[in-house]
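Take a look at the letters that make up each chain.
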Amino acid sequence: MRGRSRVKVLSVVGARPQFVKLAPVHRALVAAGHEHVIVHTGQHYDHDMSDVFFQDLGIPEPAQNLAVGSASHGRQTAQMLDGLEETFLRHAPEWVLVYGDTNSTLAAAVAAVKIHQPLAHLEAGLRSFNRRMPEEHNRVLTDHAADLLLAPTEVACRHLEREGLGDRTVLVGDVMTDVCLETRTNVMAAPPVMPQGWPADETDTYVVSTIHRQENTDDPDRLALVISHLAGSRRQVLLLAHPRLRAKARDLGINLEQGAIRVFDPLSYPQLVSAVVRSAGVVTDSGGLQKEAFLLGAPCITLRTETEWVETVELGWNTIDPECRTPIDQELDRHRDRPGVAPYGLGDAAQRTVTALEQGLM
Ligand code: UD1
């Protein structure tokens, strides 16, 4: 594969954060004259969980959408596997490229390696070391299956080396940094239109929050604790409700609109960046949002037992609070020095990803 001039790459995406990562990779592949086929598994299908990202980030319509929708882990993954095998055989790309840690990523990885289809994993080497998370199994299994491991950070490279995968690893940086920094520049120049009811006074008066992980949403006591913690903030907490959160709260009879909380639908990417830049900080269980807060200079509290993005914690911008014990306003108001290092790169990760795919390691 080394030295090929035009490479055919087939990207498999399915969930919201993957559409964000896809945008800069697509642009860099096309700019370098490569062929890029986009396949959507349909894991996320609501307009504001999927279509809006393609529109706002300038990503073309996928060549195919498997439309698998929601189901149990096993059924959802199996339906993707079934569809993707046939897709890979038909397109026969030089690389199947998978992103992150979702069921879509795992399904594409298994489908690819079984038919000897070269596989590259973007965002390789992240570890939470929490084996109760479906995402942890997805990323470990995908890393061990892949031929090329595109790591976002030095810490991720070290994890891969420790697992005997160092010779397949390339440090490319974090493609989410590329898109986040570019979007920040755009929204500072022209703020996007925000949803109806969004607070008009926009400086430091509110907290942005998202909660969607299974470990926070599916247990009634845990979800009640998380919601009452958010409700106790003295600032408004703008809760951008993922469909999983809405569905579970409804099923468990938990009211999300409590105390300080105001519930909104998920935002588009430019709206999210604009919201975080102008916020007092973020309270979340999302992986991507912890890092976006860091990149945008907003402090973050993470309602999980650990994080994959350890640099945000080491540099003082992210506080892990699994028991919901940290007073939100006090923590977000604490003085922090601006980080003097850029652990997630400077915004050129997509370009470096393309170079790694061109050179290959096979
Ligand atoms: C998935 C990923 C997670 C990622 C997240 C981003 C896995 C195991 N998890 O979690 O790593 O951080 O996406 O959002 O792949 N639903 C809708 N409409 C949609 C999508 C989902 O209503 O467009 C609802 C359904 O009730 C579904 C539930 O949300 O059952 C959960 O969706 P699912 O794809 O299982 O996982 P996420 O929680 O979104």
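Higher on the page you've got the structure.
Below or above, wherever it landed, is the structure these notes cover.

### A closer look at the sheet that holds strand β13 (residues 318-320)
Taken together, the six strands give an open sheet; going across it, the order is β10-β9-β8-β11-β12-β13, and neighbouring strands pair in parallel fashion. Only two strands of the sheet have a single neighbouring strand rather than two, namely β10 (261-264) and β13. Each adjacent strand pair in this sheet contributes to an overall mean axis angle of 20°, direction not counted. The pairing of strand β8 (residues 206-210) with strand β9 (residues 236-240) spans four bridges and is classified as parallel. Considered in β9, the bridge of Ser-209 is made with Leu-239. Against the sheet, helix α12 (residues 287-295) engages β8, β11 (281-284), β12 (300-302) and β13, with an angle of about 165° to β11.

### Overview of the site of the ligand
As a matter of local geometry, the ligand sits amid 20 residues, with Gln-43, His-44, Tyr-45, Asn-103 and Arg-244 nearest to it. Here Glu-135 contributes a side-chain N or O atom positioned 3.1 Å from an oxygen atom of the ligand. Burial of the ligand by the surrounding chains reaches 87%, relative to a free accessible area of 740 Å². Where the shell around the ligand is concerned, the elements lending two or more residues are α3 (73-91), α5 (134-145) and α10 (243-252). Split by residue class, the shell around the ligand holds five nonpolar, 10 polar and five charged. Looking at which domains feed residues into the shell around the ligand, each of domain 1 (8-174 + 345-359) and domain 2 (183-333) gives three or more.

### Looking at the pairing of strand β4 (residues 95-99)
For a regular strand, side-chain orientation follows a simple rule: the groups alternate between the two sheet faces. Of all the five residues making up β4, five are buried; the element is thus mostly covered by neighbouring parts of the structure. The two faces of β4 match: Trp-95, Leu-97 and Tyr-99 on one face and Val-96 and Val-98 on the other face are all buried. Where strand β1 (residues 8-13) lies against β4, four bridges are found, and the strand directions are parallel. For Val-9, the partnering residue across the bridge sits in β4 and is Trp-95.

### Observations concerning the nonpolar core
Core analysis: the biggest nonpolar cluster contains 84 residues, and Leu-84, Phe-88, Leu-97 and Trp-198 have the highest contact counts within it. Per element, the largest residue contribution to this core is seven residues, and it comes from helix α1 (residues 16-31). Domain assignment of the residues forming this core places at least three in each of domain 1 (8-174 + 345-359) and domain 2 (183-333). Aside from chain neighbours lying at most four places away, what touches Trp-198 is Tyr-206, Leu-238, Leu-240, Phe-264, Leu-267 and Ala-275. Counting 23 residues, the second largest nonpolar core, distinct from the first, contains Val-226, Ile-227, Ala-241 and Val-283.

### Quick look at the packing of helix α7 (residues 175-189) against α12
The geometry of α7 relative to α12 is characterised by a closest axis approach of 10 Å and an angle of 50° between their N-to-C directions. Relative to α12, the element α7 is oriented oblique. Of the two elements, α7 crosses α12, and the hand of that crossing is right-handed. Listed contacts from α12 to Met-176, Thr-177, Cys-180, Leu-181 and Arg-184 of α7 are Gly-288, Lys-291, Glu-292 and Leu-295. A per-class count over the contact of α7 with α12 returns four nonpolar, two polar and three charged.

### What to know about the packing of aromatic side chains
When we look at a pair of aromatic rings, we describe it by the centre distance and by the angle of the planes. Here the structure, examined in full by the defined rule, presents six aromatic pairs. Among the aromatic side chains, those forming a connected cluster through ring pairs are Phe-19, Phe-53 and Phe-54. Above the face of the Tyr-344 ring, Lys-291 is positioned so that its terminal group lies 6.0 Å from the ring centre.

### Some points on helix α4 (residues 103-114)
Relative to the 16 Å expected for 12 residues at 1.5 Å per residue, α4 spans 17 Å between its end C-alpha atoms, a close match to the ideal helical length. Taken across its 12 residues, α4 has nine buried, putting it largely inside the fold. Among the residues of α4, those classed as buried are Asn-103, Ser-104, Thr-105, Leu-106, Ala-107, Ala-108, Ala-109, Ala-111 and Ala-112. Of the surrounding elements, those touching the buried residues of α4 are β1, α1, α3, β4, β5 (119-122) and α5. In the stretch just after α4, His-116 is the one whose phi turns positive, near 60°.

### Concerning the side chain of Thr-177
Mapped onto the elements of the fold, Thr-177 is located in helix α7. You can call Thr-177 buried: its relative accessible area is 0%. Reaching out from Thr-177, the side chain makes a polar contact with the backbone oxygen of Tyr-344 at a distance of 3.0 Å. Not counting the four nearest positions on each side in its chain, Thr-177 is found in contact with Leu-295, Tyr-344, Gly-345 and Gly-347.

### Remarks on the pairing of β5
Burial along β5 is two-sided: Leu-119 and His-121 facing one way and Ala-120 and Leu-122 facing the other are all buried. In the sheet, β4 pairs with β5 via four bridges, with the strands oriented parallel. When the bridges of β5 are listed, Val-98 appears paired with His-121. This β-α-β element, β4 to α4 to β5, shows right-handed connectivity. Inspection of the sheet shows β5 paired to strand β6 (residues 148-151) by three bridges, in the parallel sense. From the neighbouring strand, Ala-120 faces β6, where its bridge partner is Leu-148. One crossover worth recording links β5 to the parallel β6 by way of α5, and it is right-handed.

Calculation criteria
Residues numbered from 1 in each chain as written. Predicted model: local features only at pLDDT ≥ 70, side-chain atom pairs only at ≥ 80, totals over all residues. Heavy atoms only, no water. Pairing = 2+ DSSP bridges. Helix = DSSP H or I, 4+ residues; strand = E, 2+ residues; numbered from the N terminus. Axes fitted to C-alpha atoms, helices over the stretch in contact; angles between N-to-C directions. Contact = heavy atoms within 4.5 Å. Near = heavy atom within 4 Å. Polar contact = N/O pair within 3.5 Å; in protein donor to acceptor, adjacent residues only side chain to side chain. Areas by Shrake-Rupley, 256 points an atom, 1.4 Å probe, with all protein chains shown as cover. Nonpolar A, V, L, I, M, F, W, Y, C, P; charged D, E, K, R; others polar. Domains from an automatic or database assignment. Buried < 20%, exposed > 50% of the residue type's maximum accessible area, 1.4 Å probe, protein only. Core = buried A, V, L, I, M, F, W, Y, C linked by side-chain atoms within 4.5 Å. Parallel < 35°, antiparallel > 145°, perpendicular 65-115°, else oblique. Left-handed = near helix turned anticlockwise from the far one by under 90°. Phe/Tyr/Trp six-rings, centres within 6.5 Å; stacked < 30°, edge-to-face > 60°. Lys NZ or Arg CZ within 6 Å of the ring centre and 35° of its normal. Expected span 1.5 Å × (residues − 1). Right-handed = clockwise from strand over helix to strand, strands pointing away.

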